[in-house]
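Letter by letter, the chains look like this.
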Amino acid sequence: MDDGGERLEVHCAAGQSVPRAGMKALRARALADFTARVARDAAHLGRPMPEVRLTNARTRWGSCSARAIRLNWRLAMLPEALVDYVVAHEVAHLVHMNHSPAFWAVVESLDPTAQAARRQLRELGQNLPELIESAPV
């Protein structure tokens, strides 16, 4: 989602704060984008499309269960290659619910740049700006 020049247009309802409207718009765009990426990778692996949800976790970029993949909305502030890596990581859990060598092989099949992306994610993730959500969106 981050191409360096993308704009997000926000429309506020009467009485709605700009920050709240902005967060709602950012999260809606992130969910649509992440869902499309999960669908692409799940189809590549021949797996059924899981439900995709957003999370506000402070320490995890994503998680996967038998029913859903949860992705941190803050990924929307990172380069597209890093979003692709996190999505590939979580979708690979649809095949292997562990971090075995077989799991990492699936991740690499979905994202050949996974090792470099993983390192970059660690570095960039420590410096994300803090966005305050004044109320649940």
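Just above, that's the structure.
Note that the coordinates shown come from a computational prediction; the quantities given were computed from them, not determined experimentally. Each chain has its residues counted from 1, following the order in which its sequence is written. In keeping with the predicted nature of the model, local features appear solely for residues at pLDDT of at least 70, side-chain atom pairs appear and are counted solely at 80 or more, and the whole-chain, interface and lining totals rest on all residues. Side-chain measures here rest on the full set of heavy atoms in the structure, leaving out hydrogens and waters.

*Asks:* So what about the packing of helix α2 (residues 80–92) against helix α4 (residues 114–125)? Which residues, and what values?
*Replies:* Only C-alpha atoms enter the line fits that serve as axes; for helices the fit covers just the stretch in contact. Angles between N-to-C directions range over 0 to 180 degrees. A helix here means a DSSP run of H or I that spans at least four residues, while a strand means a run of E at least two residues long, and both kinds are numbered starting from the N terminus. In the contact formed by α2 and α4, the axes pass within 9 Å of each other and the chain directions differ by 110 degrees. Here α2 is positioned roughly perpendicular relative to α4, judged by the angle of their axes. The interaxial crossing formed by α2 with α4 has left-handed handedness. Residue-level contacts link Ala81, Leu82, Tyr85 and Val86 of α2 to Ala114, Ala117, Arg118, Gln120, Leu121 and Leu124 of α4. Note on angle classes: values under 35 degrees are labelled roughly parallel, values over 145 roughly antiparallel, values of 65 to 115 roughly perpendicular, and the remainder oblique. Each helix crossing is assigned a hand: it is left-handed if the near helix lies turned anticlockwise from the far helix by less than a right angle, otherwise right-handed if that turn is clockwise. Two residues qualify as a contact provided that any one of their heavy atoms is within 4.5 Å of a heavy atom in the partner residue.

*Asks:* For the nonpolar core, give the residues involved together with the corresponding values.
*Replies:* In these notes, a set of buried Ala, Val, Leu, Ile, Met, Phe, Trp, Tyr and Cys residues joined through side-chain atoms within 4.5 Å is what counts as a nonpolar core. Only protein chains enter the accessibility calculation, which uses a 1.4 Å probe. A residue is then buried if its area is under 20% of the maximum for its type, exposed if over 50%, and partly exposed in between. Of all hydrophobic cores here, the largest spans 29 residues; its most connected members are Phe34, Val38, Ile69, Leu71, Leu75, Tyr85 and Val91. When residues of this core are traced back to their parent elements, those giving at least two are α1 (18–45), β3 (68–72), α2, α3 (101–110) and α4. Of all the elements, α2 adds the most residues to this core, at eight residues. Leave out the neighbours within four places in its chain, and Val91 touches Val38, Asp41, Ala42, Leu45, Ile69 and Leu110.

*Asks:* Kindly report on α4, identifying the contributing residues and their values.
*Replies:* Since the α-helix turns once every 3.6 residues, residues separated by three or four places project in the same direction. Spanning twelve residues, α4 covers 16 Å between terminal C-alpha atoms, matching the ideal 16 Å at 1.5 Å per step. Packing partners of the buried residues in α4 comprise α2 and α3. To estimate the expected span of a helix, count its residues, drop one, and scale the result by 1.5 Å.

*Asks:* Got a sec to walk through the environment of Ala81? Specific residues and values, please.
*Replies:* Tracing the chain through its elements places Ala81 in helix α2. Judged by relative accessible area, Ala81 falls into the partly exposed class, the value being 42%. In this structure the C-alpha to C-alpha distance between Ala81 and Ala114, which are 33 residues apart in sequence, comes to 9.0 Å.

*Asks:* Could you give an account of the sheet that holds strand β2 (residues 62–64), with specific residues and numbers?
*Replies:* Strand order across the open sheet formed by three strands is β1-β3-β2, with mixed pairing between neighbours. Two strands lie at the open edges of the sheet, namely β1 (51–55) and β2, each paired on one side alone. Each strand axis lies, on average, 20 degrees off the axis of its neighbour in the sheet, ignoring direction. Sheet strands touched by α2: β2 and β3. Its angle to β3, the strand with the most contacts, is close to 155 degrees. In short, DSSP must find at least two bridges between two strands for them to pair.

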